Amino acid sequence: MTQLVSTRLVTAYAAPAAAAPLVATQIERRAVGAHDVLIEIKYSGICHSDIHTVRGEWGEQSFPLAPGHEIVGVVTEIGAEVTRHQIGDTVGVGCMVNSCGECDYCLAGDQQYCRQGMVGTYGAVDRDGSTTQGGYSTHVVVTEDFVLSIPEGINLQNAAPLLCAGITTYSPLKRWGAGAGRKVAIVGLGGLGHMAVKIAAAMGAEVTVLSQTLSKQEDGLRLGATHYYATSNPETFKELAGSFDLILNTVSAPLEISSYLGLLRVDGAMVNVGAPAEPLPVNAMALIGGRRSFAGSMIGGIAETQEMLDFCAAHSLSADIELISAEQINEAYERVLSSDVRYRFVIDTATMA
Ligand code: NAP
Ligand code: ZN
């Protein structure tokens, strides 16, 4: 157990300005405090949220900004009062690194809805006043309560995307009852979508993929879907009308929500996890006419994230990834934007040295 008193400079890939390509740079990490762990990052996933953020689509940000909230690595130093993790542990960090810890939501385990605002892993003001920097980096210092344990049996590089794509889909699938006898549609087969298919199938649901085209049909069926439809074909909306108990929308762009609501059974729910900046208009008649609901969901709490990791390990689930070097990040962004991702890009941080 060592205690460093000074901050340290570490290598990171950061956007120097809104929408600028990411470049190698040095960022500061705080000294390891009493409740902190220092993590040597091994792999870092690329989430579409990283792209929304560095392109300024979700509002103003301070730059330079190193994104990345699908972090896995090894603990190399712990603070004097850390009890949850030890040096050498394989750990992960997701979309948040702190919260007030005292409000009703934090106490209920829903830190992501903290009344004082959760502290995002990057581009957020932490409780000490510093601005957080994300996982496209060699090291990160995080308070122990926001550090997850990666169970044995999951390949580390394939585990990284579980920290965002995994929990963001697991949480609503569980809450809205995906399971045996339930028909669940997943809209968009990207990073979140492919995890949603795997998890919903593992929960026992009958899974349908609604993708723009049939180009990934073989993959969708291999991942666990039973049916696969193209949303570019208007017949899809006629054929599937009134079919689903639950629709999980993972699409990063605006969709015509009311047409999808028509695919729900009476009492069905459509849950949006896709987060385009634009409003999504809803025709009230599409809700009223079937006692349907339209809802949203943001990542999941810390205990639920650990539950998801353990669920994935128990079901031998992890992400399908394309491992890239740090130099390929900007090219990977372009491929994500053109829906050319199979199904998550993960950065090998050893290539940042
Ligand atoms: P992604 O890998 O780019 O996947 C999005 C998928 O949506 C694409 O693969 C594509 O699937 C479909 N799509 C893209 N553009 C479309 C368009 N114009 N029309 C119809 N379909 C389109 O992105 P991701 O990383 O999974 O993230 C998805 C969204 O979730 C993003 O907005 C992200 O910010 C958000 N997100 C939210 C949370 C949360 O807590 N709620 C957490 C993480 C991410 P097909 O090719 O199959 O059509
Ligand atoms: Zn994410």
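Residues numbered from 1 in each chain as written. Chains lettered and ligands numbered in written order. Predicted model: local features only at pLDDT ≥ 70, side-chain atom pairs only at ≥ 80, totals over all residues. Heavy atoms only, no water.

1. Points about the environment of Leu264
Structurally, Leu264 can be placed in strand E14 (residues 264-272). For Leu264, a relative accessible area of 1% gives the class buried. For Leu264 and Arg291, which are 27 residues apart along the polypeptide, the C-alpha to C-alpha distance reads 9.7 Å. When sequence neighbours within four positions are dropped, the list of residues in contact with Leu264 reads Gly242, Ser243, Phe244, Asp245, Leu246, Ile247, Ala269, Met270, Arg292 and Ser293. (Helix = DSSP H or I, 4+ residues; strand = E, 2+ residues; numbered from the N terminus. Buried < 20%, exposed > 50% of the residue type's maximum accessible area, 1.4 Å probe, protein only. Contact = heavy atoms within 4.5 Å.)

2. Structural notes on the domain arrangement of the protein
Each domain of the protein was delimited in the assignment, giving domain 1 (2-164 + 320-352) and domain 2 (165-296). Computed from C-alpha coordinates alone, the two centres of domain 1 and domain 2 are separated by 28 Å. Listed by partner, the interface residues are 15 residues for domain 1 and 19 residues for domain 2. Interface area, domain 1 with domain 2, both sides summed: about 1,300 Å², of which 48% is carbon and sulfur. If you sort the residues of domain 1 by the area they bury against domain 2, Cys164, Asp320 and Tyr343 come out on top, with a joint share of 44%. The tally of links from domain 1 across to domain 2 stands at two salt bridges. In this structure, Lys198 and Asp320 form a salt bridge, with 2.6 Å as the shortest nitrogen-oxygen distance. Where domain 1 packs against domain 2, one counts 14 residue pairs in polar contact (both at pLDDT 80 or more). (Domains from an automatic or database assignment. Buried area = accessible area lost by both parts, 1.4 Å probe. Salt bridge = Lys/Arg side-chain N within 4 Å of Asp/Glu carboxyl O. Polar contact = N/O pair within 3.5 Å; in protein donor to acceptor, adjacent residues only side chain to side chain.)

3. A short note on the sheet that holds strand E11 (residues 206-211)
Taking strand neighbours across the sheet as the criterion, the six strands line up as E12-E11-E10-E13-E14-E15 in an open arrangement whose pairing is parallel. Each end of this open sheet is capped by a strand with a single partner; those strands are strand E12 (227-230) and strand E15 (293-296). With strand direction ignored, the average angle separating the axes of adjacent strands in the sheet is 20°. Against the sheet, helix H4 (residues 165-175) engages strand E10 (183-187), strand E13 (244-249) and E14, with an angle of about 160° to E13. (Pairing = 2+ DSSP bridges. Axes fitted to C-alpha atoms, helices over the stretch in contact; angles between N-to-C directions.)

4. What to know about the environment of Arg84
One can find Arg84 in the loop between strand E4 (71-78) and strand E5 (90-93). On the basis of relative accessibility, which here comes to 45%, the residue Arg84 falls in the partly exposed class. Along the chain, Arg84 and Val147 lie 63 residues apart, while their C-alpha atoms are 8.6 Å from each other. Apart from residues lying up to four places away in sequence, Arg84 is in contact with Asp89, Glu144, Asp145 and Val147.

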